[in-house]
Amino acid sequence: MEKVPDDWPYADEPTACAACGSDDDRHVTVDTLGLVWGAAMDGGLAPTAVGDYGGTLRFRCCHDCWTSRGIDALEEVRTLVDREARAEGDRSFALDDEQVAAAAKLDAERVAVGDFRRLDYRSDPERRHVRSQDEAVESVLESWFDSE
Ligand SMILES: [Zn+2]
């Protein structure tokens, strides 16, 4: 298996609540969210810094944060894109406010990488397409946080 780069901020294993740091036994583990969305978390990697890797993030959340701090908005979530909302202006997609706000409460240092793989591009155009998606995610997240 591909090894996660040493300089990434993420933990080896999710051992504490990513929101408050509690090691409460009553917790939920979420392992569906895509790697690029770590950028919404506190100290997470920007999509363009993730480079040629794909995968998911894996984090633990205590019962209290899950229900009272709204982290449950991330249950089974793979992307923070709101597929129902219309994109505004020159943006190509919109974000789900509730989900981004929940992700922003997580400390990347307590989040681990779940699935992890090196992306295998079949062609240069495919690679460029993935890169431009990464840039789009990055800029839409930046403007989301700017407007907070
Ligand atoms: Zn917690």
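Cut-offs applied
Counting restarts for each chain, with residues numbered from 1 along the sequence as it is written. Confidence filtering applies because this is a predicted model: local features only for residues at pLDDT of at least 70, side-chain atom pairs given and counted only at 80 or more, and all residues used for totals across whole chains, interfaces and linings. Side-chain metrics in this entry use all non-hydrogen atoms of the structure; hydrogen atoms and water are not considered. Put simply, DSSP H or I for four residues or longer makes a helix, DSSP E for two residues or longer makes a strand, and each gets a number counted from the N terminus. Per-residue accessibility, obtained with a 1.4 Å probe over protein chains only, is compared with the maximum for each type, and a residue is labelled buried under 20%, exposed over 50%, and partly exposed between these values. Contact between two residues is taken to exist if any of their heavy atoms lie within 4.5 Å; hydrogens are not considered. Whenever Lys or Arg places a side-chain nitrogen within 4 Å of a carboxyl oxygen from Asp or Glu, that contact is recorded as a salt bridge. At least two DSSP bridges between two strands are needed for those strands to be called paired. As a rule, the C-alpha atoms of each element are fitted with a line to give its axis, helices using only the stretch in contact, and angles between N-to-C directions run from 0 to 180 degrees. A residue counts toward a patch only above 30% relative accessible area and without a salt bridge, and it is joined to like-charged neighbours within 9 Å or, for Val, Leu, Ile, Met, Phe, Trp and Tyr, to nonpolar neighbours within 5 Å. In these tables, accessible area is a Shrake-Rupley quantity obtained with a 1.4 Å probe, and a residue counts as shielded only by the protein chains included in the view. His is not counted, nor are the chain ends; Lys and Arg add positive charge and Asp and Glu add negative charge. A charged residue contributes its charge at one atom only: NZ of Lys, CZ of Arg, CG of Asp or CD of Glu.

K.L.:
What exactly am I supposed to notice about the overall build of the protein chain here?
P.N.:
Of the regular secondary structure elements, the protein chain holds four helices and three strands. C-alpha extents for the protein chain along the principal axes are approximately 45 × 40 × 25 Å. Split into buried and exposed, the 148 residues of the protein chain put 41% on the buried side. Taking the contacts inside the protein chain whose residues are at least 6 apart along the sequence as the reference set, 79% of them involve residues at least 24 apart.

K.L.:
Explain the pattern of salt bridges here, please?
P.N.:
Opposite charge on two side chains makes pairing possible when the charged atoms of those side chains draw close. Tallied over the full model, the rule gives five salt bridges. Note that Asp6 is salt-bridged to Lys3, the shortest N-O span being 3.1 Å. Like Asp6, the residue Lys3 is exposed in the burial classification. Between Arg127 and Asp52 there is a salt bridge, and its shortest N-O distance comes to 2.8 Å.

K.L.:
Help me understand the sheet that holds strand S1 (residues 27-30) in this model?
P.N.:
To summarise the sheet geometry, strands pair through backbone hydrogen bonds and adopt either a parallel or an antiparallel arrangement. Reading across the sheet, the three strands line up as S1-S2-S3 and stay open at both edges, with antiparallel pairing between neighbours. Lying at the two open borders of the sheet, with one neighbouring strand each, are S1 and strand S3 (112-118). Strand-to-strand twist in this sheet, taken as the mean axis angle between neighbours without regard to direction, amounts to 10°. Relative to strand S2 (residues 53-62), S1 runs antiparallel, the two being bridged by four bridges. Bridging from a neighbouring strand, Val30 pairs with Phe59 of S2.

K.L.:
Explain a negative patch on the surface here, please?
P.N.:
There is a patch of like negative charges on the surface, built from Asp31, Asp72, Glu75, Glu76, Asp97, Glu98, Asp115 and Glu148. Inspection of the secondary structure assignment puts Glu148 in the segment after helix H4 (124-146). Taking relative accessible area as the criterion, Glu148 reaches 68% and is therefore assigned exposed.

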